[in-house]
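# Observations on the model geometry
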Amino acid sequence: MHRDARPCADKNISLEIKNLTVSYGRMKAVRNVSLTLKQGQVIAVLGANGAGKSSLLRAIIGVEPPSEGSIHIDGVDISTRSTPARVAAGIVLVPENRRILIDQTIHENLLLGATARQDVGDFEADADAVYERFPSLRARKDLAAACLSGGEQQMLAIGRALMARPKLLMLDEPSLGLSPIVVNQMFNLLKDLNEQGLSILLVEQNTGKALALAHRAYVMEQGAIAISGKSSEILSDPRLKEAYLGGE
Ligand SMILES: Nc1ncnc2c1ncn2[C@@H]1O[C@H](COP(=O)(O)OP(=O)(O)OP(=O)(O)O)[C@@H](O)[C@H]1O
Ligand SMILES: [Mg+2]
């Protein structure tokens, strides 16, 4: 496999979120959140159920309009752009619960990931590069995605995201419901992708694994950032536990 065929762009991306608020009616799910991801970094966003993590990711990808704040990618304000335009700019979201189309074939699911691309790239070659990573997907590429295990569906969801040639990969609780072995495989994959230059914004409940991978982390509590800093500092911060207990 020659390197050009990798469905992962060479250039990574920086993200700057300033004072972002997401409201559902009168309830503020994300409160005045500011967050910075430098090119090539892995950032973890942690927090208890209902802390606002998914709402934050949905606002970044543009499916949830924020009521306040701005989102800059490489210094360009993308806050008013459509979701496809944000994907074309290099951000992609692997959503909570994967959202695989189980009636479609594995190959069709993969090609869907390239829909927002504006180039006339060789999508089949990119799919081939995904299959290089995930041989078990290649073996069943023409079968319905329903035949895949939970772990394989997560790999397909990540493979589908890579088809967009992202510069920033966002994942919403990718380890949810997976066995420990598959969780390890997935974290190894994320490490590998980051080492190849992909910036990653990872929302996780698996605090230990997320902090081991990430350079920096943000802990959300009731919509706001309660703690932020280097992963090693967050790991030993007593407020980390409190943030989880407080949200339960
Ligand atoms: N579409 C919606 N309409 C109204 N309220 C919502 C909606 N989506 C989320 N909420 C509420 O906003 C708050 C934050 O939810 P969100 O899903 O962003 O949290 P989360 O940190 O991702 O939680 P989890 O760990 O359970 O996935 C919660 O109180 C939730 O009930
Ligand atoms: Mg969530």
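Just so you know, these numbers come straight off a predicted model, no measurement behind them. (Residues numbered from 1 in each chain as written. Chains lettered and ligands numbered in written order. Predicted model: local features only at pLDDT ≥ 70, side-chain atom pairs only at ≥ 80, totals over all residues.)

### Quick word on the sheet that holds strand E3 (residues 42-47)
Stated formally: Whether two strands pair depends on DSSP finding at least two bridges between them. The helix and strand labels rest on DSSP assignments: H or I over at least four residues marks a helix, E over at least two residues marks a strand, and numbering proceeds from the N terminus. Here an axis means a line fitted to C-alpha atoms, over the contact stretch when the element is a helix, while the angle between two N-to-C directions is reported on a 0 to 180 degree scale.
Spatially, 6 strands are ordered E6-E7-E8-E3-E9-E10 in an open sheet, and the strand pairing comes out mixed. On the outer flanks of this sheet lie strand E6 (91-94) and strand E10 (224-230), each paired with one strand and no other. When the angles between neighbouring strand axes are averaged without regard to direction, this sheet yields 15°.

### Some thoughts on the confidence of the model for the protein
Put simply, the rule is: Per residue, pLDDT measures the predictor's confidence, with a range of 0 to 100. Residue pairs qualify as contacts under a 7 Å threshold applied to their C-beta atoms, which are placed from the backbone.
The predicted model of the protein averages 91 in pLDDT, with 94% of residues at 70 or higher. Confidence over residues 1-9 falls short of pLDDT 50; this stretch has 21 contacts with residues more than four positions distant or in other chains.

### Observations regarding helix H1 (residues 53-61)
Put simply, the test is: Exposure is read from a count of other C-beta atoms within 10 Å of each residue's own; the residue is exposed at 12 or fewer, buried at 20 or more and partly exposed in between. C-beta atoms are placed from the backbone.
The buried count for H1 comes to 8 of 9 residues, which makes it a mostly enclosed element. Taken residue by residue, H1 has Lys53, Ser54, Ser55, Leu56, Leu57, Arg58, Ala59 and Ile60 as its buried positions. Count one or two residues on from H1 and you reach Gly62, which has phi positive near 95°.

### Digging into the pairing of strand E2 (residues 27-37)
With 7 bridges joining them, strand E1 (residues 15-24) and E2 adopt antiparallel strand pairing. Considered in E2, the bridge of Glu16 is made with Thr36. Here E1 hands over to E2 after 2 residues, with Gly25 in that stretch at a positive phi of 60°.

### What to know about the environment of Leu37
Summarising the element assignment, Leu37 is placed in strand E2. On the basis of neighbour count, Leu37 is assigned to the buried category, with 23 C-beta atoms found within 10 Å. Sequence spacing of Leu37 and Thr83 is 46 residues, and the spatial spacing of their C-alpha atoms is 20 Å. Setting aside anything within four residues of it in sequence, one finds Leu37 in contact with Ser14, Leu15, Ile43, Ser199 and Leu201.

### So, the sheet that holds strand E5 (residues 76-77)
Sheet architecture is open: 4 strands sit in the order E2-E1-E4-E5, paired in antiparallel fashion. Because the sheet does not close on itself, it has two edges, and the strands there are E2 and E5. With 5 bridges connecting them, E1 and strand E4 (residues 68-73) associate as antiparallel partners. Across the sheet, the residue bridging to Leu15 is Ile73, located in E4. Strand contacts of H1: E1, E2 and E4, with the helix running at about 65° to E2, the strand carrying the most contacts.

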